[in-house]
Each structure stands twice: as C-alpha cells, then as structure tokens.
Amino acid sequence: DVKVTQSSRYLVKRTGEKVFLECVQDMDHENMFWYRQDPGLGLRLIYFSYDVKMKEKGDIPEGYSVSREKKERFSLILESASTNQTSMYLCASSPPQGSGTPLHFGNGTRLTVT
Amino acid sequence: AQTVTQSQPEMSVQEAETVTLSCTYDTSESDYYLFWYKQPPSRQMILVIRQEAYKQQNATENRFSVNFQKAAKSFSLKISDSQLGDAAMYFCACPTSGTYKYIFGTGTRLKVLA
C-alpha cells in the first residue's frame, strides 16, 4: 500500500513564524500535492509538483511556497504565518495522471496560528 | 473553468438503509475520470469508487455504486445497507485533463443513525 506520511498531526504556531509542513511518500510517485481543507470550501489546491525541483501554483498559492529536493519529499512553507492560514493541510501523491490513478493522501496536519 | 458541485452539506441515513449523495460537475473534456473519496474522523482520505467517463456501465464496489449520467454531468454515490462505519465526509473529485490538478467538491457529511 502507498503510504503518505505527514510529519505533524497537530501544529500550533505564532503569527509571523516561518512554518514547515513536511510530507513523505514511499511509492516513487512523480506527482505530489498540497491541499488546504476548510469547512464549506472543500479541498483547495495550494501547490503541486510533477517532478523533483518542479512546482506549479494551484488555486490559492498566496502566502505559501514549496520545496521538492527529493522525489519522495514535498514540503509546504508558510513564509510568515497568519491567522487566516489556520486550517487542515493535506498532502497527496499519485503516479502520472494519464492512468487515471487516484490520489493517495496523508493523515493531514491541523495547523493553528495564534 | 472546471467545477464540481455537491449541493448537500449534510445527509442522514438510518442504519441498513440506502442513501444517495449527489455530485454535478462541469468539464469540456470528453474522456475523464470521476472519483468519490471518504474522509472519516481519522482524517485519512480513502478512495471509495472511480468511474471512467467513456464507460457506459456504472461502477460498483460492494455496497457502493454510482449513478453516472454523462450528458447531465451528474455523478451520484449510492450507499446500500448503510453501516455506522460509513459515517464520514464524502468528496466528489474530477481531475483536470491536461494538468495534474484535481477539482474537489465541498463535501457532504453523512451521519448514520443507529
């Protein structure tokens, strides 16, 4: 089974802090994604990466950046955390989309910014 | 722009009964996949069922089946013989052809009553 591991289940940070959310997958997937989940808004794509060092903005990239130095690891960075970034963050991975293969998700990180 | 709409924020079903969750989508593609994901309180997003748009036959996985109406762009999920463990958030999703982006609906919270 594919395993996607997010380093923290719960995180509490202060406004202005630089925050790193880490995600590791063990199935050699090319694609990795960061989603934000908020009640009533569903899942919104922040960034995705289709290869090492490659990244593309999703629908809500403002205030976020990402890093993918190794194929198995995809990090989400909040440059200066703000209270409106309090949310659930979900990492996912998949093989190349052409196969119609679904996303494989981590357990999520619930981030609170105070 | 591609959209996915889930018009039922919350549904309830009696244990052992049948419930249908609605999803409509909008895409200009002729060949695509549609997915239903389940997110239980543990937060792990799990694939429930997948439908290939060019297939006429509705997908079925044990107690889960879909009613796929391509012309109407409707993709509803039917859960038969509902069990307490079916209680979760359910998300409908459609990958965007030509990109790696998956569009998610806003989710339906399903409650199963004993």
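Analysis parameters
Residue numbers here run from 1 along each chain, matching the order of that chain's written sequence. To read the labels, note that chains go from A and ligands from 1, taken in the order they are written. Side-chain atom pairs in this predicted model are given and counted only at pLDDT of 80 or more, local residue features only at pLDDT of at least 70, and totals for whole chains, interfaces and linings cover all residues. Computation of side-chain values covers all heavy atoms of the structure but excludes hydrogens and water. We call two residues in contact whenever any of their non-hydrogen atoms come within 4.5 Å of each other. Accessible-area loss on putting two parts together, using a 1.4 Å probe and summing over both, is the definition of buried area adopted here. The term salt bridge refers to a pairing of a side-chain nitrogen on Lys or Arg with a carboxyl oxygen on Asp or Glu at a separation within 4 Å. Two N or O atoms form a polar contact when they lie within 3.5 Å of each other; inside protein one atom must be a possible hydrogen donor and the other a possible acceptor, and for residues adjacent in sequence the pair counts only when both atoms belong to side chains. Secondary structure elements follow DSSP: runs of H or I of four or more residues count as helices, runs of E of two or more count as strands, with numbering from the N terminus. Throughout, the ten residues Ala, Val, Leu, Ile, Met, Phe, Trp, Tyr, Cys and Pro are labelled nonpolar, Asp, Glu, Lys and Arg are labelled charged, and all others, Gly among them, are labelled polar. A 1.4 Å probe that fits but cannot get out identifies a cavity on a 1 Å grid over protein atoms alone, an open set with protein on both sides within 12 Å along at least five of seven lines counts as a pocket, and a residue lines either if it has an atom within 4 Å of a point. Grid points are joined across faces, edges and corners, and a volume is the space filled by probe spheres set on the points. We treat two strands as partners when DSSP finds at least two bridges between them. For helices, the fitted axis covers only the stretch in contact; all axes are lines through C-alpha atoms, and the angles between them, taken along N-to-C directions, range from 0 to 180 degrees. Throughout, exposure labels follow a simple rule: accessible area from a 1.4 Å probe, protein chains only, divided by the maximum for the residue type, with under 20% read as buried, over 50% as exposed, and the rest as partly exposed. When two cysteine sulfur atoms lie within 2.5 Å, the pair is treated as a disulfide.

**Considerations on the interface of chain B and chain A**
Moving on, step 1. Each partner contributes residues to the interface: chain B has 21 residues there, and chain A has 29 residues.
Moving on, step 2. Summing both sides of the interface, chain B and chain A together bury roughly 2,100 Å²; the carbon and sulfur share of this comes to 52%.
Moving on, step 3. Counting across the chain B and chain A interface gives zero salt bridges.
Moving on, step 4. Where chain B touches chain A, the interface holds eight residue pairs in polar contact (both at pLDDT 80 or more).
Moving on, step 5. Mapped onto the side of chain B that touches chain A, the elements with two or more residues apiece are β5 (33–39), β6 (46–52), β10 (88–95) and β11 (102–104) of chain B.
Moving on, step 6. Ranked by residue count, the leading element in the side of chain B that touches chain A is β5(B), at four residues.
Moving on, step 7. Of the residues contributing to the side of chain B that touches chain A, the split by class is ten nonpolar, eight polar and three charged.

**Some remarks on the layout of surface pockets**
Moving on, step 1. Here the largest pocket is characterised by a volume of approximately 460 Å³.
Moving on, step 2. Taken together, 21 residues line the largest pocket, and the ones lying closest to its centre are A:Q37, A:R110, B:Q39, B:M89 and B:R109.
Moving on, step 3. Those elements giving two or more residues to the lining of the largest pocket turn out to be β4 (31–38) and β9 (87–94) of chain A together with β10 and β12 (108–113) of chain B.
Moving on, step 4. With three residues, the single largest contributor to the lining of the largest pocket is β10(B).

**A word on the sheet that holds strand β8 (residues 73–78) of chain A**
All names here are of chain A.
Moving on, step 1. Read from one edge of the open sheet, four strands run β1-β3-β8-β7, paired in antiparallel fashion. Sheet topology places β1 (4–6) and β7 (64–70) at the edges, where each strand pairs with a single neighbour. Put simply, the sheet's adjacent strands are angled 20° from each other on average, direction ignored.
Moving on, step 2. Relative to β8, β7 is paired through five bridges, and the arrangement is antiparallel.

**Focus: the side chain of B:S76**
Moving on, step 1. Following the sequence through the fold, B:S76 ends up in strand β9 (residues 74–79).
Moving on, step 2. Overall, B:S76 belongs to the buried group, its relative accessible area being 11%.

**So, the side chain of B:Q6**
All names here are of chain B.
Moving on, step 1. Its location among the elements puts Q6 in the loop between β1 (3–5) and β2 (10–14).
Moving on, step 2. Classification of Q6 by relative accessible area gives buried; the value is 6%.
Moving on, step 3. Of note is the side chain of Q6, whose polar atom sits 3.5 Å from the side chain of T108.
Moving on, step 4. Contact partners of Q6, with chain neighbours within four places excluded, come to S22, C23, W36, Y90, F91, C92, G105, T106, G107 and T108.

**As for the state of the cysteines**
Moving on, step 1. In this structure the tally under the stated criterion is two disulfides over all chains.
Moving on, step 2. Residue A:C23 pairs covalently with A:C91 via a disulfide, S to S 1.9 Å. Linking A:C23 and A:C91, the disulfide has an S-S dihedral of approximately -75° and is accordingly described as left-handed. Here A:C23, found in strand β3 (residues 19–25), pairs with A:C91, found in strand β9; they are 68 residues apart in sequence, far enough to count as distant.
Moving on, step 3. With relative accessibility at 0%, the residue A:C23 sits in the buried group.
Moving on, step 4. Covalent S-S linkage joins B:C23 and B:C92, the inter-sulfur distance amounting to 2.0 Å. Its S-S torsion of about -70° marks the bond between B:C23 and B:C92 as left-handed, since a negative value means left-handed.

Function cannot be read off these values alone, since they describe shape.
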